[in-house]
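Structural description and commentary
Listed below, chain by chain, are the residues.
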Amino acid sequence: MREETAFMSARLSPMHSFPTICTPRGPVPEAAPHWNRQRSSSMPSYRYRSAFDRVEIPLTGRSWPQARIERPPLWVPVDLRDGNQALAEPMDTPRKRRMFDLLVAMGFKEIEVGYPSASRTDFDFVRHLARSGAVPDDVTVVVFTPAKADLIERTFESVAGMDRVVVHLYIPTAPVWRDVVLGRDRAEVRGVVLDAARQMERLARARPAADIRFEFSPEVFILTEPDYVLELCNSLTALWDASPDRPVIHNLPATVEIATPNVYADQIEYMHRHLERRDSVILSVHPHNDRGTGVACAELAVLAGAQRVEGCLFGNGERTGNVDLVNLALNLHAQGVDPMIDFSDIDEIRRTVEHCNRLPVPPRHPYGGDLVYTAFSGTHQDAISKGFAHHASSGSEVWSVPYLPIDPADVGRSYEAVIRVNSQSGKGGIAHLLRSNHGVDLPARMRADFSRTVQTATDDSGLEATSKDLWELFEATYLVPGRDGAIALTSWSAEHDPAGGHRFVCTLRVDGREGDYEGTGSGTVSAFTEALAAAGVEVTILDYAEHGADAAWSTVTSYAECRVGGEVRWGAGQDASALAASVAAVLSAVNRAQ
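Residues numbered from 1 in each chain as written. Predicted model: local features only at pLDDT ≥ 70, side-chain atom pairs only at ≥ 80, totals over all residues. Heavy atoms only, no water.

Side note on the packing of aromatic side chains
Tallied over the full model, the rule gives 11 aromatic pairs. Taking the centre distance of 4.6 Å and the plane angle of 15 degrees together, the rings of F144 and Y170 count as stacked. Of the two residues, F144 is situated in strand β3 (residues 140-146) and Y170 in strand β4 (residues 164-172); the sequence distance between them amounts to 26 residues. For F144, a relative accessible area of 4% translates into the label buried. The exposure class assigned to Y170 is buried, which follows from its relative accessible area of 19%. Taken together through their ring pairs, the aromatic side chains of F450, W471, F474 and Y478 make up a single cluster. (Phe/Tyr/Trp six-rings, centres within 6.5 Å; stacked < 30°, edge-to-face > 60°. Helix = DSSP H or I, 4+ residues; strand = E, 2+ residues; numbered from the N terminus. Buried < 20%, exposed > 50% of the residue type's maximum accessible area, 1.4 Å probe, protein only.)

So, the pattern of salt bridges
Inspection of every chain in the model, using the stated rule, returns 38 salt bridges. With a shortest N-O distance of 3.8 Å, R445 and D543 are connected by a salt bridge. Separated by 98 residues along the polypeptide, R445 in helix α16 (residues 444-461) and D543 in strand β12 (residues 539-547) bring together distant segments of the chain. Residue classification places R445 among the partly exposed positions, given a relative accessible area of 48%. A relative accessible area of 23% means that D543 is categorised as partly exposed. It is possible to trace a salt-bridge network through shared partners that takes in R178, R186, R190, E225, D227 and E231. (Salt bridge = Lys/Arg side-chain N within 4 Å of Asp/Glu carboxyl O.)

Here we look at the UniProt feature "binding site: Mg(2+)" (unreviewed entry) in the chain
The UniProt record marks D82, H286, H288 and N322 with the feature "binding site: Mg(2+)" (unreviewed entry), using the residue numbering of this structure. The named residues occupy 241 residues along the chain; their greatest pairwise C-alpha distance, 10.7 Å, places them in one compact cluster. Within the secondary structure, H286 is located in strand β7 (residues 281-287). Look at H286 and you get buried, because its relative accessible area is 5%. Setting aside residues no more than four positions away along its own chain, H286 makes contact with V78, R81, D82, N251, L252, P253, A254, T255, Y264, E310 and N322. For H288, the location among the structural elements is in the loop between β7 and α11 (294-303). In this structure the side chain of H288 is engaged in a polar contact, spanning 3.2 Å, whose partner is the side chain of H286. (UniProt positions renumbered as here; feature names shortened; annotations may be inferred. Contact = heavy atoms within 4.5 Å. Polar contact = N/O pair within 3.5 Å; in protein donor to acceptor, adjacent residues only side chain to side chain.)

Here we look at the nonpolar core
One finds V113, I268, L313 and F343 to be the most contacted residues of the largest nonpolar core, which totals 108 residues. Broken down by element, this core gets its largest block of residues, eight residues, from helix α8 (residues 186-205). Among residues more than four places away in sequence, those in contact with V113 are L80, K96, F100, F125, V126, L129, V141, V142 and V143. Grouped together as the second largest cluster of nonpolar side chains are 23 residues, I487, V510, A585 and V590 included. (Core = buried A, V, L, I, M, F, W, Y, C linked by side-chain atoms within 4.5 Å.)

Structural notes on the UniProt feature "domain: Pyruvate carboxyltransferase" (unreviewed entry) in the chain
Following the UniProt record, one finds the feature "domain: Pyruvate carboxyltransferase" (unreviewed entry) at residues 73-347. A helix fraction of 44% and a strand fraction of 19% characterise residues 73-347, whose end C-alpha atoms lie 24 Å from each other.

A look at helix α17 (residues 467-483)
Taking 1.5 Å per residue, 17 residues should reach 24 Å; α17 reaches 23 Å between its end C-alpha atoms and fits that length. Of all the bends in α17, the greatest, near 40 degrees, is centred on A476. (Expected span 1.5 Å × (residues − 1). Bend = angle between axes of the 7 residues up to and from the residue.)

Points about the sheet that holds strand β5 (residues 211-219)
Reading across from one edge, β1-β8-β7-β6-β5-β4-β3-β2 is the order of the eight strands in this open sheet, with parallel pairing throughout. The sheet is open, and its two edges are formed by β1 (74-77) and β2 (110-114), each paired on a single side. Recorded for the sheet is a direction-independent mean angle of 30 degrees between the axes of neighbouring strands. (Pairing = 2+ DSSP bridges. Axes fitted to C-alpha atoms, helices over the stretch in contact; angles between N-to-C directions.)

Quick notes on the packing of α16 against α17
It is at 11 Å that the axes of α16 and α17 come closest, and there the two elements cross at 115 degrees. When the axis of α16 is compared with that of α17, the two are roughly perpendicular. Crossing geometry of α16 relative to α17 is assigned as right-handed. For the pair α16 and α17, the contacting residues are M446, D449, F450, T453, V454 and A457 in the first and L470, L473, F474, T477 and Y478 in the second. Across the contact of α16 with α17, the residue classes tally to eight nonpolar, two polar and one charged. (Parallel < 35°, antiparallel > 145°, perpendicular 65-115°, else oblique. Left-handed = near helix turned anticlockwise from the far one by under 90°. Nonpolar A, V, L, I, M, F, W, Y, C, P; charged D, E, K, R; others polar.)

Brief notes about the sheet that holds strand β11 (residues 513-521)
With respect to topology, three strands assemble into an open sheet ordered β9-β10-β11, the strand pairing being antiparallel. The strands lining the two open edges of the sheet, one partner per strand, are β9 (487-496) and β11. Ignoring which end each strand starts from, the neighbouring axes of this sheet average 15 degrees apart. With nine bridges connecting them, strand β10 (residues 502-510) and β11 associate as antiparallel partners.

Some details on the environment of I152
Here I152 is to be found in helix α6 (residues 149-158). Classification of I152 as buried rests on a relative accessible area of 0%. Separated by 51 residues in the primary sequence, I152 and L203 have C-alpha atoms spaced 9.2 Å apart. Setting aside chain neighbours within four positions, we find I152 in contact with T145, P146, A147, A196, Q199, M200 and L203.

Next up, the structure:
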């Protein structure tokens, strides 16, 4: 312990002090079980109220826990509006167009394209879409507007000439926002909303040839009184005269997450059951990720009756972001449900999003990060390697590989990146990389031998060992000793007689001195060991394996486990000739034992 403390002290400079964390010193709660000794901390948690103290949570005799998601909701990406508002450097028109084209190519059919009244850049981009013919016939654009007359006018100006548009109206409705932000009571906010809705209806009627529909977001829905949300939504459903062929969208945002996802599901199910003209309403959700449960909120909301989900690719957005559509859609894919969006080139999608947002996608990001199909752990690597082999031999299309919820090939990933090696890795992963990248299929017992060599190297370096590193280490450890060691073959020949015997004649260099030797045996390898014995090198073959050349690999690789004196060593050899490879494998083991 003293040595460890001294080592840590030596490693810590004055510039690297520990953070000033206050270890909890409060009492252990009386009700705590004996195995839980956690103490009360000094953090001021008493300053915050639970969701149940802030808003009525309607308990609905919930049915959502028994539901299953068997088809995808309508996905609506808001990268160009809500996501763009959260960027330090908002997208210009070229970046917005690249993002829009990506979303269209992926198969999104309703895309929120901007907040036209917020900036000239947003207005100009919507006009660019209107004039350029970039919007396919089956894609509807969504534009966002607050409930202000001049801004609604500006929003309708931006979509002039577009055939299919959803105009998205929002206003803060939660008590804190009404009181602090707007300075209006419930009745006054309702009046503002209805005036804005009437204006939108008038402007839409002035363009009878266009398909213009409406969306309403009671901002911070999760903190708004349920009866008030119903009152507002039902009033707009009636005012806009929603019908099944011209439905209204009521979008219920978890603008700032306040509770566990089941609470949001209860709120959504309540609205699902009580909204009027339900067949004329598209129930939409817009979860954020403040508590880190945005994906769970969206999934439970769909179970509770939501038909439409707004979010961003890879979860960009204010604070901790909007719900991640990549995660949501591929979660369905992993359950056998077609998400109806194409993620078959996840790396191109990620590159485009990173370019447009100028934000990196974390390497551990679900489905899309650099490392999500990668295993470093030895036990994981071994299971994955065996899973690949079993899947390949089974002939079944059903995916069932340990630790990989989907086939990486589904999203355009290669198997080469699945297993990577560091000091935590095991023999299975190392063997998999050698086999898949270099055609070297190590015998089972040899895997443990080479794994120890790899671990020593990675422990010493502290770095990952790439596939190239593994090959170079394998070559140096096993192949080089068979070509260049203290005991070397200057020349050799092998022959066999009609009776099946084999004769091996060679010139051996042992400790710098050459001599001619020969041996006989039932096979070439045994005849070679007799020649070695004649030179004073006693060798016993304990195990031997080889695999031949195929279309991918032009060489034969042989492996020999030998007892040389009192030492047991593995050796390997490669050659176009199987005979030469076997001789090199034995000679490698002999030299490794010296």
